[in-house]
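Understanding the architecture of this molecule
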Amino acid sequence: MISIEDSTYSHAGKTRVQKTLQLQQDKSNQNFLLHLRDDWITTPVEVNDTINVIGIFANGSCIVDNPTGFLILHPDTLVSSTHVADSFKCLRRAVLQDQIKVTGETSKPLVYGSMIHELFQQAISLMDFSTPHLESILETLVIRYIEQLYSINITPTEATADLRDKIWLLRAWAEVFVVREPSVYSFMADHCGSNDAKPKMCINKVLDIEEHVWSPTYGLKGNIDATVQVRIEEPDVQTKTLIVPLEVKTGKNTSLVNHRAQTMLYTLMMSDRYDVDVKCGMLYYVDAKESIRVRALRNEVRGLIMGRNELAKWIKSRVGLPEMLQNPRDCKNCYAAGSCLVYHKVHTLWF
């Protein structure tokens, strides 16, 4: 980026503010103009920053505004989609997580959650959710996780008994959604909450498990629980076969925004990887017994990309941290509270 200046343009008879960026393409050294409008004006760009513009250039210029285009700041900095989703609650924690890999203490929900994830992934990879198959996988997992189980004072026998209760949940879900054609029971909730949007979906093929995806186009990276082929039927819409990301969650709270944000980001990454338009993803909450279709809507994706740009700016600079959230309710149970306070204390002493 060569230069940035504030300018104006006329829209519907009114004068509005925009940012005009002069860009130089890496390979050709050719110069272009980029006009940032609407919400994109707040993008924290600076001279000499590297950006990727997804939009239409005409006569050497491009407009990125709310309805069209995307700007990816520092696309060479691949930001974890999980960290982007978490950053909307606390940007400081997301930056810390990227810099020092903060993790919480080992706990029963954490260990059991990891085991249920692996149980699900091994079962769906073979499209086999029969009780004998699930129990054989569980026996192997209990042995593999034995050190972590003892660290939380749970014996292998207790873990097996606890997790055996999850087998019927997985079986019941698979009987409805892991089939060749959607049945009358294969309805999914829609994350937009529309009463009219009640798609019937089923998984008829598994393409990959725990897929590591890097997307230089969007500056994102992540691990997708399962990449699946689904068949979608909905009223007044032609039946479609699509490739979508499937995320599995073990908590009972199905309204967490970061889960849906994470799934939306996976649709972008898969679109880049497979060169197809991935329009939605699937969220499966094991304990809540709920499946949700997450559509990649323009307005929400725009907000996620802008959040990703803000996070990438902090990660790239590696100078300081965002301000503390200082919310007693959220900070009290934050797994990064210790590291956050240490950084704050050091900054206070030195600056």
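A quick note: this is a predicted structure, and the numbers were derived from the prediction, not measured. For every chain, the first residue of the written sequence is number 1, and numbering continues from 1 along that sequence. Given that this is a predicted model, residues contribute local features only at a pLDDT of at least 70 and side-chain atom pairs are listed and counted only at 80 or more, while totals for whole chains, interfaces and linings are drawn from all residues. Side-chain metrics rest on all non-hydrogen atoms present in the structure, leaving aside hydrogens and water.

Turning next to the overall build of the chain. Helix and strand counts for the chain come out as 10 helices and 14 strands. By principal-axis analysis of the C-alpha atoms, the chain measures approximately 65 × 60 × 40 Å. The rule is simple: take the accessible area with a 1.4 Å probe, protein chains only, and divide by the maximum for that residue type; under 20% is buried, over 50% is exposed, in between is partly exposed. Out of the 351 residues belonging to the chain, those deemed buried represent 46%. Sequence-distant contacts, at least 24 apart, represent 64% of the contacts inside the chain between residues at least 6 apart. Note that accessible areas follow from Shrake-Rupley with a 1.4 Å probe, and for residues the cover is restricted to the protein chains shown. Element-wise, carbon and sulfur atoms account for 51% of the exposed surface of the chain, whose accessible area totals about 18,500 Å². The way it works is that DSSP assigns letters per residue, a run of H or I at least four long becomes a helix, a run of E at least two long becomes a strand, and they are numbered from the N terminus. The contact criterion used is simple: two residues touch if any of their non-hydrogen atoms lie within 4.5 Å.

A carboxyl oxygen of Asp or Glu within 4 Å of a side-chain nitrogen of Lys or Arg is what we treat as a salt bridge. Under the definition given, this model contains 19 salt bridges. Between Arg-171 and Glu-175 there is a salt bridge, and its shortest N-O distance comes to 3.4 Å. Separated by four residues within a single helix, Arg-171 and Glu-175 lie in helix 6 (residues 156-177), roughly one turn from each other. For Glu-175, a relative accessible area of 54% puts it in the exposed group. Taking the shortest distance from any N to any O, the salt bridge between Arg-231 and Glu-181 comes out at 2.9 Å. Taken together, the positions of Arg-231 in strand 11 (residues 220-234) and Glu-181 in the loop between helix 6 and strand 9 (189-190) put the pair 50 residues apart, joining distant regions of the chain.

Each pair of strands is called paired provided DSSP finds at least two bridges between the two strands. Spatially, 1-2-3-6-5 is the arrangement adopted by the five strands of the open sheet, whose pairing is mixed. Of all strands in the sheet, those bounded by a partner on one side alone are strand 1 (3-11) and strand 5 (57-58). Examined bridge by bridge, strand 1 and strand 2 (residues 14-24) share nine bridges and lie antiparallel to one another. Across the sheet, Thr-8 pairs through a bridge with Val-17, a residue of strand 2.

Let's shift gears to the pairing of strand 2. Linking two consecutive strands that pair antiparallel, namely strand 1 and strand 2, is a turn of two residues; a positive phi of about 55° is found at Ala-12 within it. Here strand 2 runs beside strand 3 (residues 31-36); their pairing, made up of six bridges, is antiparallel. Its bridge partner being in strand 3, Gln-24 is matched across the sheet by Asn-31. Counting the residues between successive antiparallel strands, the hairpin from strand 2 to strand 3 contains six residues, one of them, Asn-29, with a positive phi of roughly 60°.

Another point: helix 8 (residues 298-317). Compared with the 28 Å implied by 1.5 Å per residue over 20 residues, the 29 Å span of helix 8 between its first and last C-alpha is a close match. Every buried residue of helix 8 is listed here: Val-301, Arg-302, Leu-304, Ile-305, Met-306, Gly-307, Arg-308, Asn-309, Leu-311, Ala-312, Lys-313 and Ile-315. Elements in contact with the buried residues of helix 8: strand 7 (70-73), strand 8 (79-80), helix 1 (81-87), helix 2 (91-100), strand 11 and helix 7 (257-274). Positive backbone phi, at 50°, marks Arg-318, one or two positions downstream of helix 8. Given a helix with a known number of residues, its expected span is that number minus one, times 1.5 Å.

As for its placement among the helices and strands, His-259 is situated in helix 7. Among all residues touching His-259, those that are not within four sequence positions of it are Lys-249, Asn-253, Leu-283 and Tyr-285.

This part covers the confidence of the model for the chain. Overall, the prediction assigns the chain a mean pLDDT of 89, with 96% of residues at 70 or greater. The predictor attaches a confidence to each residue, and that confidence, scored 0 to 100, is pLDDT. Per-residue pLDDT, averaged within each element of the chain, yields its smallest value for helix 10 (residues 337-350) (77) and its largest for strand 7 (96).

So, on to helix 3 (residues 108-125). Taking 1.5 Å of rise per residue, 18 residues should cover 26 Å, and helix 3 covers 26 Å from first to last C-alpha, within 8% of that figure. Considered for burial, the residues of helix 3 that qualify are Val-111, Tyr-112, Gly-113, Met-115, Ile-116, His-117, Glu-118, Leu-119, Phe-120, Gln-121, Ala-123 and Ile-124.

Turning our eyes to something else, we now look at a nonpolar patch on the surface. On the surface, a nonpolar cluster with roughly 320 Å² of combined accessible area is contributed by Ile-100, Val-342, Tyr-343 and Val-346. Examining the composition of the nonpolar patch, we find that three residues originate from one element, helix 10, more than from any other. Among the structural elements, Ile-100 can be located in helix 2. In this structure Ile-100 comes out as partly exposed when scored by relative accessible area, which is 36%. Exposure above 30% relative accessible area and the lack of any salt bridge qualify a residue for a patch; like charges then connect within 9 Å, and the nonpolar side chains Val, Leu, Ile, Met, Phe, Trp and Tyr within 5 Å.

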